[in-house]
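Observations on the three-dimensional arrangement
One letter stands for each residue in the lines below.
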Amino acid sequence: MDDDGLLDDWVPGHARTSRPKVCFVPTASGDAPAYLDHFFSAFQSRACEPSVLPLFRRELDDAALGRFLLSQDVVYVGGGNTANLLAVWRAHGVDRLLREAYDRGTLLCGISAGANCWAEGSHTDSFGPLTFLPDGLGLLSGSVCPHYDSEPGRRSSYQAAVATGALPAGWALEDGVGALFIDGLLTETVTRTSQAHLFQVEPDGENGVTERALPCRLLPEAQ
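Here's a quick rundown of the structure.

Thresholds, definitions, all that
- Residues numbered from 1 in each chain as written.
- Predicted model: local features only at pLDDT ≥ 70, side-chain atom pairs only at ≥ 80, totals over all residues.
- Heavy atoms only, no water.
- 1 Å grid on protein atoms, 1.4 Å probe; cavity = no way out; pocket = protein on both sides within 12 Å on 5 of 7 lines; lining within 4 Å.
- Points joined across faces, edges and corners; volume = space filled by probe spheres on them.
- Helix = DSSP H or I, 4+ residues; strand = E, 2+ residues; numbered from the N terminus.
- Nonpolar A, V, L, I, M, F, W, Y, C, P; charged D, E, K, R; others polar.
- Salt bridge = Lys/Arg side-chain N within 4 Å of Asp/Glu carboxyl O.
- Buried < 20%, exposed > 50% of the residue type's maximum accessible area, 1.4 Å probe, protein only.
- Arc of directions from axis to C-beta.
- Contact = heavy atoms within 4.5 Å.

Before going further, it helps to examine the layout of surface pockets. The space that makes up the largest pocket amounts to roughly 1100 Å³. In this structure, the largest pocket is lined by 43 residues; those nearest its centre are Leu108, Cys109, Gly110, Ala115 and Ala179. Counting residues per element, the ones that place at least two in the lining of the largest pocket are α1 (6–10), β4 (107–110), α6 (113–116), β7 (140–145), β8 (170–173) and β9 (177–182). The element that contributes the greatest number of residues to the lining of the largest pocket is β9, accounting for six residues. Of the residues belonging to the lining of the largest pocket, the class tally is 25 nonpolar, eleven polar and seven charged.

Using the criterion set out here, one finds ten salt bridges in the structure. Linking Arg155 and Glu174 is a salt bridge whose minimum nitrogen-to-oxygen distance equals 4.0 Å. Of this pair, Arg155 sits in helix α7 (residues 154–164) while Glu174 sits in the loop between β8 and β9, placing them 19 residues apart in sequence. Arg155 sits in the partly exposed class, given a relative accessible area of 30%. A relative accessible area of 8% means that Glu174 is categorised as buried. A single salt-bridge network, built from bridges that share partners, covers Arg155, Glu174 and Glu211.

All buried positions along α7 are accounted for by Arg154, Tyr158, Ala161 and Val162. Down the axis, α7 shows its buried residues gathered within 95 degrees of arc, on one side only. Residues of α7 that are exposed and angled more than 90 degrees away from the buried face: Ser156 and Thr164. At its buried positions, α7 is contacted by β5 (119–124), β6 (131–133), β7, β8, β11 (198–203) and β12 (209–214). Gly165, located one to two residues past α7, shows a positive phi value of around 85 degrees.

So this is what it looks like as structure tokens:
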């Protein structure tokens, strides 16, 4: 969705092949057609094979769905409603397939709800007001909070959830940041703007939190 495309350039570079199969999963937006157009506009010109997995008008049976997802090198999940995303995935068995894909080395990534879903819990507006959702896939330990700098109330609400134990300690991302985890460990952080940061947020044991900004490499074209 960013005009410079820096993060979309960064993602395929971590795939296991030089021309990866990149599957966009727009479940969180209800498979919104405009979102699919954005994805193809961004990735058709890149060195990859883009595709989309629709679930609201599903065309593949269980066997074909499994073959398709497990053949992908990158699964890129779009934003929207995290709670609805998880519910639909579980109804179709996509959650189990993504765990298998992860174990096979597929790069799993996404923005907003597409970042939330991988962790044990997340901070979300899926139910209207900002709140906590202790119900993710758990491929990444801890919790995730997107839009840490861009939506009013995000920072304070996420910190309150971590302070009270409603969410485990986790990662808060400002818009424009990318974070790469390998085997659950943070291995790289990048940003498309020098103003955006990644924060590690942990309870301090005194009904508050500690918030630590982590260094992010500025993507070259943004300098």
